[in-house]
Amino acid sequence: YDELHNDMSDVQKRLDTISELQRQQNCSQELANVKQSLDELSKHQQSANFIRQDLADVQQRIESIKKPDQSEHDRLLKKILQSINGVYEECTRMESTIYET
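Note that the structure is predicted; figures quoted are calculated from it, not measured.

A. Region of interest: the overall build of the protein chain. Helices and strands together make up the secondary structure of the protein chain, namely two helices and zero strands. Seen along its three principal axes, the alpha-carbon backbone of the protein chain occupies a region of about 145 × 15 × 10 Å. Counting all 101 residues of the protein chain, 0% fall into the buried class. Total accessible area on the protein chain stands at roughly 9900 Å², and carbon and sulfur atoms take up 57% of it. Computing the positive centroid from 13 side-chain charges and the negative centroid from 19, the protein chain places the two 6 Å apart.

Set out below in structure tokens:
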């Protein structure tokens, strides 16, 4: 009877060991699945960061188009004023020519 009891106890220990090994294997598989999911999320996060950077670049370009470079703006204004002055001087010359004749 004691021997049978010992055998049953050994069988129970082996069953417990097998159950524990299966649980560990399941946990290992779950961990592998979680790691794979994290890797995929990381790739998506990287893509999202690239898209965010692209959007920031586009926004910056739009802002620079909306607000022209001040020195370029000043240069164009100076050119326009020079043209206006040139036309004014030409009108003055024509006017004086008309009065002379």
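B. Representation of a nonpolar patch on the surface. A surface patch of nonpolar side chains, amounting to about 380 Å² of accessible area, comprises L77, I80, L81 and I84. Following the sequence through the fold, I84 ends up in helix α2 (residues 70-100). What makes I84 partly exposed here is its relative accessible area of 49%.

C. Spotlight on the pattern of salt bridges. Counting across every chain of the model gives three salt bridges. Of the charged contacts, one joins R23 and E20 as a salt bridge, the two residues approaching to 2.8 Å between their closest N and O atoms. Of this pair, R23 and E20 are both found in helix α1 (residues 2-66), three residues apart, which corresponds to roughly one turn of the helix. Among the residues examined, R23 registers a relative accessible area of 45% and is labelled partly exposed. Note that R93 and E90 form a salt bridge whose closest N and O atoms lie 2.6 Å from each other. With a gap of three residues between them, R93 and E90 both fall in helix α2, about one helical turn apart. The partly exposed category is assigned to R93, whose relative accessible area is 48%. Under the relative-accessibility criterion, E90 is labelled partly exposed at 36%.

Thresholds, definitions, all that
- Residues numbered from 1 in each chain as written.
- Predicted model: local features only at pLDDT ≥ 70, side-chain atom pairs only at ≥ 80, totals over all residues.
- Heavy atoms only, no water.
- Helix = DSSP H or I, 4+ residues; strand = E, 2+ residues; numbered from the N terminus.
- Buried < 20%, exposed > 50% of the residue type's maximum accessible area, 1.4 Å probe, protein only.
- Areas by Shrake-Rupley, 256 points an atom, 1.4 Å probe, with all protein chains shown as cover.
- Lys, Arg positive; Asp, Glu negative; His and termini not counted.
- Charge placed at Lys NZ, Arg CZ, Asp CG, Glu CD.
- Patch = residues over 30% accessible without salt bridge, like charges linked within 9 Å, V, L, I, M, F, W, Y side chains within 5 Å.
- Salt bridge = Lys/Arg side-chain N within 4 Å of Asp/Glu carboxyl O.

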